[in-house]
Amino acid sequence: MLLALPAVACATGTDEPDVTLDTFEVMDPGAEDHVIDDPGWDTFRDPDVDPDPDPDPDPDPDPEPEPDVPACTPTSPSGECNIIEQCGCPPAAFCAWRQHVSMCIIVETCLFVTPGTGTHGAICTELYDCAPGHDCLFTEGSTTGNCYKWCEDDTDCPGGNTCTITVNFALGTPCSGETPGPLSACTLTP
């Protein structure tokens, strides 16, 4: 946060005339004349001047600054990050699909949980078994799934796989039914 500090002005309106003094002579009886030429030497110092106009400044106005979040464009409407690029989240989070609470759509959201390590094609049984940018997807009636990489086109897919799998998400309360995912997933075999 940047603060604009007011300028400090010297008080005027005293009975003393304004004096500008660059050079003056100090006369020492019985000695030679001495000239002091030091513009930094103030002969009219006020001993009561407060050297610190703000005696209690806040040395740390923001003790917990927000971490730098890389800018990126979400692939889904109303998303806050990009699931393919894995950008837009703080360092302790990753981008994943979640249901928007009030709109009954699937959006990209930053999650603060430890992600799995399964990459494209790995066997999975839990939502977080897969690495960021992948999801554990199940065929209907199956209890085990595979990690699938999300894609916008074939160049996002590894090993010659194509970006052609349509994924439907089951919606939870207060919504119901299914909705197609905003992106496709890569095929498991070329």
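First, a word on scope: everything that follows refers to the structure included in this document.

Conventions used here
- Residues numbered from 1 in each chain as written.
- Predicted model: local features only at pLDDT ≥ 70, side-chain atom pairs only at ≥ 80, totals over all residues.
- Heavy atoms only, no water.
- Helix = DSSP H or I, 4+ residues; strand = E, 2+ residues; numbered from the N terminus.
- Buried < 20%, exposed > 50% of the residue type's maximum accessible area, 1.4 Å probe, protein only.
- Lys, Arg positive; Asp, Glu negative; His and termini not counted.
- Salt bridge = Lys/Arg side-chain N within 4 Å of Asp/Glu carboxyl O.
- Polar contact = N/O pair within 3.5 Å; in protein donor to acceptor, adjacent residues only side chain to side chain.
- Contact = heavy atoms within 4.5 Å.
- 1 Å grid on protein atoms, 1.4 Å probe; cavity = no way out; pocket = protein on both sides within 12 Å on 5 of 7 lines; lining within 4 Å.
- Points joined across faces, edges and corners; volume = space filled by probe spheres on them.
- Nonpolar A, V, L, I, M, F, W, Y, C, P; charged D, E, K, R; others polar.
- Disulfide = S-S within 2.5 Å.
- Pairing = 2+ DSSP bridges.
- Phe/Tyr/Trp six-rings, centres within 6.5 Å; stacked < 30°, edge-to-face > 60°.
- Core = buried A, V, L, I, M, F, W, Y, C linked by side-chain atoms within 4.5 Å.

1. Some points on the side chain of glutamate 108
Then comes step 1: Relative to the assigned elements, glutamate 108 resides in strand β4 (residues 106-111).
Then comes step 2: This buried residue, glutamate 108, is left without a salt bridge; lysine 149 holds the nearest opposite charge, at 11 Å.
Then comes step 3: One polar contact links the side chain of glutamate 108 to the main-chain amide nitrogen of isoleucine 83, over a distance of 2.8 Å.
Then comes step 4: Among all residues touching glutamate 108, those that are not within four sequence positions of it are Pro74, Thr75, Ser76, Gly79, Glu80, Cys81, Asn82, Ile83, Cys95, Ala96 and Trp97.

2. A short note on the layout of surface pockets
Then comes step 1: Taken as a whole, the second largest pocket holds about 630 Å³ of empty space.
Then comes step 2: Along its surface, the second largest pocket is lined by 20 residues, and Leu137, Val167, Asn168, Phe169 and Ala170 are the ones closest to its centre.
Then comes step 3: Among the secondary structure elements, those contributing two or more residues to the lining of the second largest pocket are β3 (94-99), β6 (134-137) and β9 (168-170).
Then comes step 4: Each residue belonging to the lining of the second largest pocket can be placed in one class, and the counts come to 11 nonpolar, five polar and four charged.

3. A short note on the state of the cysteines
Two cysteines whose sulfur atoms are joined by a covalent bond form what is called a disulfide.
Then comes step 1: As enumerated under the stated definition, the model contains eight disulfides in all.
Then comes step 2: Covalently, cysteine 89 is tied to cysteine 110 through a disulfide, its sulfur atoms 2.1 Å apart. The disulfide joining cysteine 89 to cysteine 110 has a torsion of about -95° about its S-S bond and is therefore left-handed. Residue cysteine 89 is found in the loop between β2 (34-36) and β3, and its partner cysteine 110 is found in strand β4; the two are separated by 21 residues along the sequence. Exposure class is identical for cysteine 89 and cysteine 110. Each is buried.
Then comes step 3: Cysteine 130 shares a disulfide with cysteine 147; S-S distance 2.1 Å. Since a negative S-S torsion denotes a left-handed disulfide, the cysteine 130-cysteine 147 link at about -90° is left-handed. With cysteine 130 in the loop between β5 (123-124) and β6 and cysteine 147 in strand β7 (residues 145-151), this pair connects stretches of sequence that are 17 residues apart. Residue cysteine 130 shares its accessibility class with cysteine 147, and that shared class is buried.

4. A short note on the pairing of β7
Then comes step 1: With seven of seven residues buried, β7 is to be regarded as a mostly interior element.
Then comes step 2: Looking at chain direction, β5 and β7 are connected through two bridges and run antiparallel. Following the sheet pairing, cysteine 124 is matched in β7 by glycine 145.
Then comes step 3: Pairing between β6 and β7: four bridges, direction antiparallel.

5. Focus on the environment of glycine 177
Then comes step 1: Position of glycine 177 among the secondary structure elements: in the loop between β9 and β10 (178-180).
Then comes step 2: Each C-alpha atom of the pair glycine 177 and cysteine 104 lies 9.8 Å from the other, and the pair is 73 residues apart in sequence.
Then comes step 3: Setting aside its immediate chain neighbours within four residues, glycine 177 contacts Phe169, Ala170 and Leu171.

6. Some remarks on the packing of aromatic side chains
Then comes step 1: On inspection of all chains with the given rule, the structure shows three aromatic pairs.
Then comes step 2: Through pairs of rings, three or more aromatic residues link up here, namely Trp97, Trp150 and Phe169.

7. With respect to empty space enclosed by the protein
Then comes step 1: Tallied over the entire structure, the rule returns one cavity of 30 Å³ or more.
Then comes step 2: Each pocket or cavity is described by its volume, and for the largest cavity that value is around 80 Å³.
Then comes step 3: Taken together, 15 residues line the largest cavity, and the ones lying closest to its centre are Phe94, Ala96, Leu127, His134 and Asp135.
Then comes step 4: Secondary structure elements with two or more residues in the lining of the largest cavity: β3 and β6.
Then comes step 5: Among the elements that take part in the lining of the largest cavity, β3 stands out by supplying five residues, more than any other.

8. Considerations on the nonpolar core
Then comes step 1: Grouped together as the largest cluster of nonpolar side chains are 18 residues, with contacts concentrated most on Ile83, Trp97 and Trp150.
Then comes step 2: Looking at this core, the elements with two or more residues in it are β3, β4 and β7.
Then comes step 3: Once residues within four sequence positions are removed from consideration, tryptophan 97 is found in contact with Thr75, Ser76, Ile83, Ile106, Val107, Glu108, Asp135, Trp150, Phe169, Pro182 and Leu183.

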